[in-house]
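Architecture and fold: a report
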Amino acid sequence: MDAKSRACLIRHRRALERDIKTSYIMDCMVSDQVLTLQEEEKVKQQNTQKERAAMLIDTLLKKDNNAYRSFYNALLHEGYRDLAALLQDGIPVFSSGNGKHAMDEMTSYVKTTLCEGGVPQRPVVFVTRPKLVDAIKQKLCSLGSDPGWVTVYGMAGCGKTVLTAEALRDHQLLEGYFPGGVHWISVGKQDKAGLLIKLQNLCSRLEHDSTLSQRPPLNIEEAKDRLRLLMLRKYPRSLLVLDDIWDSWVLKAFDNQCQVLITSRDRSVTDAVSGNKYEIHVESGLTHEKGLEVLALFVNMKISELPEQANCIVRECKGSPLVISLIGALLRDFPSRWEYYLKQLQNKQFKRIRKSSSYDYEALDEAMSISVEQLSNDLKDYYKDLSILPKDVKVPTKVLCVLWDMETEEVEDILQEFVNKSLLFCDRNGNSFHYYLHDLQLDFLTEKNRNQLQELHKNIVNQYKRYYKLHVPVLSQEDCMYWYNFLAYHMAGANMQKELRDLMFSLDWIKAKTELVGPAHLIHEYVEYSSVLDQKDSIICENFQEFLSLNGHLLGRQPFPDITQLGLCQPETSEVYQQAKLRAQRETGTFYLEWINKKSLKNLSRLVVRPHRDAVYHACFSRDRQRIASCGADKTLQVFKAESGERLLEISAHDDEILCCTFSADDKYVATCSADKKVKIWNSRTGKCLYVYEEHTEQVNCCQFNNRRGQYLLATCSDDTFIKLWNLKDKYCRNTMFGHVNAVSHCRFSPNDDYIASCSTDGTVKLWDVHSANELKTIEIKEFFRNADEQQDDVEVLVKCCSWSRSSDTILVVAKNKLLLFDVTTCNLLAQVVVSHHSTIQYCDFCAGDELVAVALSHCSVEVSDFFIATIYQERVIERVTFVMVLCRER
């Protein structure tokens, strides 16, 4: 055992002997094979608990580092978290031992685990950086069994990805700490639609051996819930690796109380998430000695045999592992050109890609130019074709076979030339190969070939059309998902307006793509590529975008609905309807219905405005119904007229996403709360900020004013588990209400202002007295989701929101896919309704007279129903049907 570990154990021996019960701890250690049955029996023979603990520690002190780690994990597993914390500083550093290369220690278990998890393979030329690798392992061990984040950060090209993958090539680490496996996902710079695709692919990979085939999640919130359940139930004690994170908002989709390792350029990227956090800084470059070692491996020489120019080259490359590898690959092919390549770097004759960036562009641009110039003319043309590949996408070989009209073997031979020269990276997945460029390399190619990008995009589109003709790829084909995700991207890049219109305004394409990835990506493309479409097609574009927006929740379901029938439900002036009618007329043997009273139906959309540049998280009417306030991911508060949509205010209100906004009872103030942990009060007419409250320690999820005019009370709730009551006249927090054990997602005053209800992810709703701030009642919502054979603590229920009846006598609560109505006095359940079996409820609200309930669902729809009629139907076991909604629309 390491001296540091031994000293830590001896230092805290007294506390350990006083508190631990050895029986269950020894079970864990015997299971880990660090304690023998004979040693266990010897400990059990001692007379008292303290003597048994002392004997166990004496036995541990005679053992190795594995025993220390096993004992530490056993303490965590058995609930001795305070004692485990005492031993954390003494956890031994993992080491390959005896100077052996880590590859020598890779077992079949490690290879299988990493291959199944999508962990990148080791580069062709690899040098060890043991201190950094061991530091990553140490931080991963520090997570123990608790959820948390390990961040490996540093400049691009410094080797974060390679080091992280290398740290995972350790049998003891995987078996002892992450027996559930490792799941690697390359994220990169993403917008909301791109992140959804990444999440869909990850969920699909994790569900690959499931007996039940599920449709892809249709939005990020649903994907987050799906991923949380998969990690909790199917892959407990596993590690999720998020490679190349650019934005903190992306991490919120993975903030699921699991163990996550991320690589990023930004050290502060985890500030937006909760949990234990550990950091490893990767220096921006290799040491001079390591740089020489890389060159020596490429040219197959000893470091002492390298020419003097080698030292100068390493200095000119500024230690960047990527740049040194590029030069090394050139020298491997032309070992006599040391002086030539050094002069090329020193002369700095190559155009810099950007003048200011975190990338090491001065050296990279030069090295990239040299590397490309050494290719044959044919290979230069093929490499130029890669300029239009999407960032952070691993491209299957078949895509390039289509592009170059070649057999697979020919394409792989060409690409291997690029891989050998460190101009391209290869990832093997089973029998297939996927290729990708480092983002620095792609930036270089894009800038170098900027004037030719349109033609390059046009070429790949034409090759696709030539190969597939009138057909579309099917799921069994290797390149299928690439074309569905990026064909429109290439058409837009080629400015091929006609082809893009024919594609995006085709029900066949919509049907095929939504079956695979859902409607979200398609809707994003209508917005993204609107500038490429002719102005005369703007109405048609709106027709298809509206069709997808209104029917997305249906298009994502399985079995897939008949898109022709859905199209026939559109207005007769819509291009969607006209295409659907032509399809229906061409098809034989199929029965279609067409509404004859469509013209008499009143469109439910009174006003559509798009004031925000990103997702809208909350919108509310003023009490006089003349104005609407909205807020969202773009960090702005917007106020506009309810009748015309005329914008009245636009305020850059917070430093992070704004999660909720609300008018005061007299409409004089608007309150906002944000993920930046702040609550702000604004003059609703002038937009002036009046008060800023900063007492919450985590993101603030909800804010609500009381209902009585002239008395300005504001309730707020946060991930810090607290509800706070603010008195605006006195400018301070009047009360802090605590009792929840997890994040509080929603709070609301009763109509008579006597109570505040709060909803939490701990599965409870609590009722508080406004005057005293005392907790009055707790309703355990988890009780209504527990099966007969489940313990209450085993059930996880996230209570989303609640709504009071007008009389304040009853309260409606939302959890999962249920609406539950409770009597406030007795807390008895009065009624419950299962709204949908295919989605979760995001929000609900009573209308002013309590007759109807509006329900927002995760599958992009809002339903308005009579709660009590729906309850009677379900009690009679009559399936709820959708014609009730149709009648409401006609009425």
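None of these values were measured; they are calculated from a predicted model. (Residues numbered from 1 in each chain as written. Predicted model: local features only at pLDDT ≥ 70, side-chain atom pairs only at ≥ 80, totals over all residues. Heavy atoms only, no water.)

1. Structural notes on helix H5 (residues 49-61)
Between its terminal C-alpha atoms H5 stretches 19 Å, which fits the 18 Å expected from 13 residues at 1.5 Å a residue. Looking only at H5, the buried set comprises Ala53, Ala54, Met55, Leu56, Ile57, Thr59, Leu60 and Leu61. (Helix = DSSP H or I, 4+ residues; strand = E, 2+ residues; numbered from the N terminus. Expected span 1.5 Å × (residues − 1). Buried < 20%, exposed > 50% of the residue type's maximum accessible area, 1.4 Å probe, protein only.)

2. Focus: the packing of aromatic side chains
Note on aromatic pairs: each is described by the distance of the centres and the angle between the planes. This structure, assessed with the given rule, holds 19 aromatic pairs. By way of ring pairs, the aromatic residues Tyr464, Tyr467, Tyr468, Tyr482, Trp483, Phe486 and Tyr489 are connected into one cluster. Between lysine 192 and the ring centre of tryptophan 249, over which it is positioned, the NZ or CZ distance is 5.1 Å. Positioned over the ring face of phenylalanine 334 is arginine 337, at 3.9 Å from the centre of the ring. (Phe/Tyr/Trp six-rings, centres within 6.5 Å; stacked < 30°, edge-to-face > 60°. Lys NZ or Arg CZ within 6 Å of the ring centre and 35° of its normal.)

3. Topic: the nonpolar core
Core analysis: the largest hydrophobic core is formed by 72 residues, its most contacted members being Tyr383, Leu386, Trp404, Phe418, Trp483 and Leu500. The element best represented in this core is helix H25 (residues 480-493), accounting for nine residues. When residues no more than four places from it in sequence are discounted, the contact partners of leucine 500 are Ala488, Met491, Ala492, Tyr529, Val532 and Leu533. (Core = buried A, V, L, I, M, F, W, Y, C linked by side-chain atoms within 4.5 Å. Contact = heavy atoms within 4.5 Å.)

4. Observations regarding unusual backbone geometry
Residues apart from glycine generally show negative phi values, whereas peptide bonds are mostly found in trans. Phi at alanine 773 is positive, roughly 65 degrees, even though this residue is not glycine. Within the secondary structure layout, alanine 773 lies in the loop between strand S23 (764-769) and strand S24 (775-780). In this structure alanine 773 comes out as buried when scored by relative accessible area, which is 12%. Phi is positive for serine 808, close to 70 degrees, though the residue is something other than glycine.

5. A few points about the sheet that holds strand S12 (residues 647-652)
The strand order S9-S10-S11-S12 describes an open sheet built from four strands, whose pairing is antiparallel. The open sheet has two edge strands with one neighbour each: strand S9 (616-621) and S12. Neighbour-to-neighbour, the strand axes of the sheet open up by a mean angle of 15 degrees, direction not taken into account. Sheet analysis places strand S11 (residues 636-641) next to S12, joined by five bridges and oriented antiparallel. Note on S12: the bridge partner recorded for glutamine 638 is glutamate 650. (Pairing = 2+ DSSP bridges. Axes fitted to C-alpha atoms, helices over the stretch in contact; angles between N-to-C directions.)

6. Description of the pattern of salt bridges
All chains considered together, the criterion is met by 24 salt bridges. With its nearest N and O atoms 3.1 Å apart, the salt bridge here joins lysine 511 to glutamate 515. In this pair, lysine 511 and glutamate 515 are both assigned in helix H27 (residues 507-517), four residues apart and thus about one turn of the helix distant. Through salt bridges that share partners, Arg13, Glu17 and Asp58 make up one connected network. (Salt bridge = Lys/Arg side-chain N within 4 Å of Asp/Glu carboxyl O.)

7. Things to note about the confidence of the model for the protein chain
For the protein chain, the mean per-residue pLDDT works out to 81, and 85% of the residues sit at or above 70. This model gives residues 95-105 a pLDDT under 50, and the stretch forms nine contacts once residues within four places in sequence are excluded. For residues 869-891, every residue scores under 50 in pLDDT, and the model assigns this stretch 19 contacts once sequence neighbours within four places are set aside. (pLDDT = per-residue confidence, 0-100.)

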